[in-house]
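Fold and geometry: a report
Here is how the chains run, residue by residue.
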Amino acid sequence: MAQTFNRFVTKDIGNSLTDICTAVTNTSVVVGLLISNPTGTGDVTVDIVFHTSTDEIMIGNDLVIPYGQSLIVIGWDQKIVMKAGDKIRVQTTVGGKVVDSILSVMEIS
């Protein structure tokens, strides 16, 4: 089985659910997810959702990220296994505020 590391970078995620990663192989392992608050308007809150063909599971709800800070949502010992078509989605909870994300994945084919 071949293993390939990949990353997905998404800028300016606003207050509508945004796909930051869609699994393309039958087995993808999310090994890291970092979300940063680059806006100069103070704290921002985010929701993070794991979306499958049948369910949406909340990974994090109303997580607060202070201005100029980052939040490591998945890393160290935490991993999420995704099947083809599964998605990780992010949104801010207040209009006019944006975040950026970096998601790292190991794809197994």
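Placed above this text is the structure.
Treat the numbers as computed from the prediction; the structure is a model and nothing was measured. (Residues numbered from 1 in each chain as written. Predicted model: local features only at pLDDT ≥ 70, side-chain atom pairs only at ≥ 80, totals over all residues. Heavy atoms only, no water.)

Any two side chains of opposite charge can pair, given that their charged atoms come close. Scanning all chains against the criterion turns up four salt bridges. Ionic pairing is found between D19 and K87, a salt bridge with its closest N-O pair at 3.3 Å. Highlighted residues: D19 in strand β2 (residues 18-22) and K87 in strand β8 (residues 87-92), separated in sequence by 68 residues. With relative accessibility at 24%, the residue K87 sits in the partly exposed group. Through salt bridges with shared partners, a single network forms among D19, E56, K87 and R89. (Salt bridge = Lys/Arg side-chain N within 4 Å of Asp/Glu carboxyl O. Helix = DSSP H or I, 4+ residues; strand = E, 2+ residues; numbered from the N terminus. Buried < 20%, exposed > 50% of the residue type's maximum accessible area, 1.4 Å probe, protein only.)

Let us look at the nonpolar core. Of all hydrophobic cores here, the largest spans 21 residues; its most connected members are L33, I35, I48, M82, I88 and L103. For this core, the elements supplying multiple residues, two or more each, are β2, β3 (27-36), β4 (44-51), β6 (70-74), β7 (80-82), β8 and β9 (99-108). The element that contributes the greatest number of residues to this core is β4, accounting for four residues. Once residues lying within four places of it in the same chain are set aside, the contact partners of I48 are L33, I35, I57, M58, I59, G60, L63, V73, I88, R89 and V90. (Core = buried A, V, L, I, M, F, W, Y, C linked by side-chain atoms within 4.5 Å. Contact = heavy atoms within 4.5 Å.)

Next up on the list: the side chain of K97. Along the polypeptide, K97 turns up in the loop between β8 and β9. No salt bridge is formed by the buried K97. Its closest oppositely charged neighbour is D43, at 7.2 Å. Here D43 takes part through its backbone oxygen, which lies 2.9 Å from a polar atom of the side chain of K97. When near neighbours in sequence (up to four residues on either side) are disregarded, K97 contacts I13, G14, T39, T41, G42, D43, V44 and T92. (Lys, Arg positive; Asp, Glu negative; His and termini not counted. Polar contact = N/O pair within 3.5 Å; in protein donor to acceptor, adjacent residues only side chain to side chain.)

Backbone geometry at D62 places phi at a positive 55 degrees, although glycine is not the residue there. Along the chain, the position of D62 falls in strand β5 (residues 56-65). Residue D62 is classed as partly exposed on the basis of its relative accessible area of 44%. Here the phi dihedral of W76 falls at roughly 50 degrees; this positive angle occurs in a residue that is not glycine. Topologically, W76 is positioned in the loop between β6 and β7. For W76, a relative accessible area of 77% corresponds to the exposed category.

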